[in-house]
Amino acid sequence: MIRTKIKTPAPAGASPGKRRFSFSRAERRVMRRRKPIKVSLWAERHRWLKQSVISGPWSNKVTPQLIGGMDAAVLPYVRTVILCKSVQSGGTEAIHNVIGYSVDRAPGPVMYLFPDKNTAQENAKDRILPMIEDSPMLSRYVTGNPDDLAQLRIKLQHMVIYLAWAHSPTSMANKPCRYVVEDETDKYPPVASKTEADPCSLAEKRITTYRRAGKSKVFKLSTPSVESGEIWRAFTTEAQARFDYWVRCPVCGGYQLMGRFVHDPHGL
């Protein structure tokens, strides 16, 4: 119980006194300021993996190359995060960690953009929904209504997660978002004409409202295909801060680039 003493002027004819009141447990929980925590530590406490060779709680020891990038991604001055990665290196799950952290710590509408509708549905069913339902922390935000856990629109108590695909501009329309995740950008369809905007530009228009308030973030991730591909173009032209993780080969002794995170602190 919290007791607060308030000195009030005494009514006419009465002696000065003090009044006491207390907050309920729910009120204290709402007003309590949560201690800050890094994304990598949050993931180890609250993420549980199913679609993984090593199933179970998230462990930073398995993918140490992702720690620095995840922790820096939520810094207030970072606006764009670019992840140029190799195949099956944990990059997508790292972005899921950042989104899961944001659901818990800095909520706002999220849009995931995938190359096609089937990929969007598969990721919602196999990755995004399990990330929420299997985490004791995130599952607290589930409404309890089965209709709110649809594969293309996940409605939580305090925010919405949208699933869109690059072939359909209408799937991105009329959805103001704080976070936009562009997954496998090099697999997006080519722009048909010069007058038509590319899928990344269309998705990034969704953050206009939150960008003006300085609260938006864009995540671009993909395995690079060619130098003219979206992820390599973004990496070479938008990067201002780079996180490279090199590991030593136990056989030849040489160092190999394991992961690369890029951050743009100035926005789009």
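Structure shown above.
Residues numbered from 1 in each chain as written. Predicted model: local features only at pLDDT ≥ 70, side-chain atom pairs only at ≥ 80, totals over all residues. Heavy atoms only, no water.

### Describing the overall build of the protein chain
Consideration 1: When helices and strands are tallied, the protein chain shows 8 helices and 12 strands.
Consideration 2: Taken across its 268 residues, the protein chain has 43% of its residues classed as buried.
Consideration 3: Sequence separation of 24 or more characterises 66% of the internal contacts of the protein chain that already satisfy a separation of 6 or more.
Consideration 4: Summed over its atoms, the accessible surface of the protein chain is roughly 15300 Å², and 53% of this surface lies on carbon and sulfur atoms. (Helix = DSSP H or I, 4+ residues; strand = E, 2+ residues; numbered from the N terminus. Buried < 20%, exposed > 50% of the residue type's maximum accessible area, 1.4 Å probe, protein only. Contact = heavy atoms within 4.5 Å. Areas by Shrake-Rupley, 256 points an atom, 1.4 Å probe, with all protein chains shown as cover.)

### Focus: unusual backbone geometry
What you tend to see is this: most non-glycine residues have negative phi, and most peptide bonds are trans.
Consideration 1: Although it is not a glycine, N174 adopts a positive phi angle of roughly 55 degrees.
Consideration 2: You can see N174 is positioned in the loop between β8 (160–165) and β9 (179–183).
Consideration 3: For N174, a relative accessible area of 73% puts it in the exposed group.
Consideration 4: Positive phi, close to 55 degrees, is recorded for E184, a residue that is not glycine.
Consideration 5: Structurally, E184 is set in the loop between β9 and α6 (199–204).
Consideration 6: Since its relative accessible area comes to 18%, E184 is described here as buried.

### Describing a positive patch on the surface
Consideration 1: A grouping of R25, R29, R32 and R140 is seen on the molecular surface, where their side chains present a positively charged patch.
Consideration 2: As for its placement among the helices and strands, R140 is situated in the loop between α5 (117–133) and β7 (153–155). (Patch = residues over 30% accessible without salt bridge, like charges linked within 9 Å, V, L, I, M, F, W, Y side chains within 5 Å. Salt bridge = Lys/Arg side-chain N within 4 Å of Asp/Glu carboxyl O. Lys, Arg positive; Asp, Glu negative; His and termini not counted. Charge placed at Lys NZ, Arg CZ, Asp CG, Glu CD.)

### Description of a nonpolar patch on the surface
Consideration 1: The grouping of V53, I54 and V62 at the surface amounts to a nonpolar patch, some 340 Å² of accessible area in total.
Consideration 2: Among the structural elements, I54 can be located in the loop between β3 (48–49) and β4 (56–57).
Consideration 3: Residue classification places I54 among the exposed positions, given a relative accessible area of 53%.

### Things to note about the side chain of K175
Consideration 1: Structurally, K175 can be placed in the loop between β8 and β9.
Consideration 2: Lacking a salt bridge, the buried K175 has E182 as its closest oppositely charged neighbour, with an N-O distance of 15 Å.
Consideration 3: A distance of 3.1 Å separates a polar atom in the side chain of K175 from the backbone oxygen of S171.
Consideration 4: Setting aside its immediate chain neighbours within four residues, K175 contacts M111, Y162, T170 and R206. (Polar contact = N/O pair within 3.5 Å; in protein donor to acceptor, adjacent residues only side chain to side chain.)

### Looking at the environment of Y141
Consideration 1: Position of Y141 relative to the elements: it lies in the loop between α5 and β7.
Consideration 2: For Y141 and H158, which are 17 residues apart along the polypeptide, the C-alpha to C-alpha distance reads 7.3 Å.
Consideration 3: With residues near it in sequence (within four places) discarded, Y141 still touches R34, V103, D104, L156, Q157 and H158.

### Considerations on helix α8 (residues 230–238)
Consideration 1: Burial in α8 covers these residues: E230, I231, A234, F235 and E238. Down the axis of α8, the sector holding all buried residues measures 135 degrees, keeping them to one side. (Arc of directions from axis to C-beta.)

### Brief notes about the pairing of β8
Walk down a regular strand and you will see the side chains alternate between the two sheet faces.
Consideration 1: Extensive coverage of β8 is indicated by the burial of 6 of its 6 residues.
Consideration 2: Burial along β8 is two-sided: V160, Y162 and A164 facing one way and I161, L163 and W165 facing the other are all buried.
Consideration 3: Where strand β6 (residues 110–114) lies against β8, 5 bridges are found, and the strand directions are parallel. Paired with V110 across the strands is I161, a residue of β8.
Consideration 4: With 3 bridges connecting them, β7 and β8 associate as antiparallel partners. Considered in β8, the bridge of R153 is made with Y162. (Pairing = 2+ DSSP bridges.)

### Considering helix α2 (residues 39–46)
Three- or four-residue spacings in an α-helix give side chains the same orientation, since the helix completes a turn every 3.6 residues.
Consideration 1: Those residues of α2 that fall on the buried side of the exposure criterion are V39, S40, W42, A43 and H46. One side of α2 carries all its buried residues, which in axial view fall inside an arc of 160 degrees.
Consideration 2: On the buried face of α2, the contacting elements are β3, α3 (67–73) and α4 (91–105).

### What about the packing of aromatic side chains?
Here a ring pair, both rings aromatic, is described through the centre-centre distance and the interplanar angle of the planes.
Consideration 1: Going through the model one piece at a time under the given rule, you end up with 3 aromatic pairs.
Consideration 2: Ring centres of Y112 and F114 lie 6.0 Å apart, and the angle between their planes is 5 degrees; on these two criteria the pair is classed as stacked. Residues Y112 and F114 agree in their burial class; the two are buried.
Consideration 3: Against the face of Y141 rests R140, its NZ or CZ located 5.8 Å from the ring centre. (Phe/Tyr/Trp six-rings, centres within 6.5 Å; stacked < 30°, edge-to-face > 60°. Lys NZ or Arg CZ within 6 Å of the ring centre and 35° of its normal.)

That is the geometry; function is a separate question.
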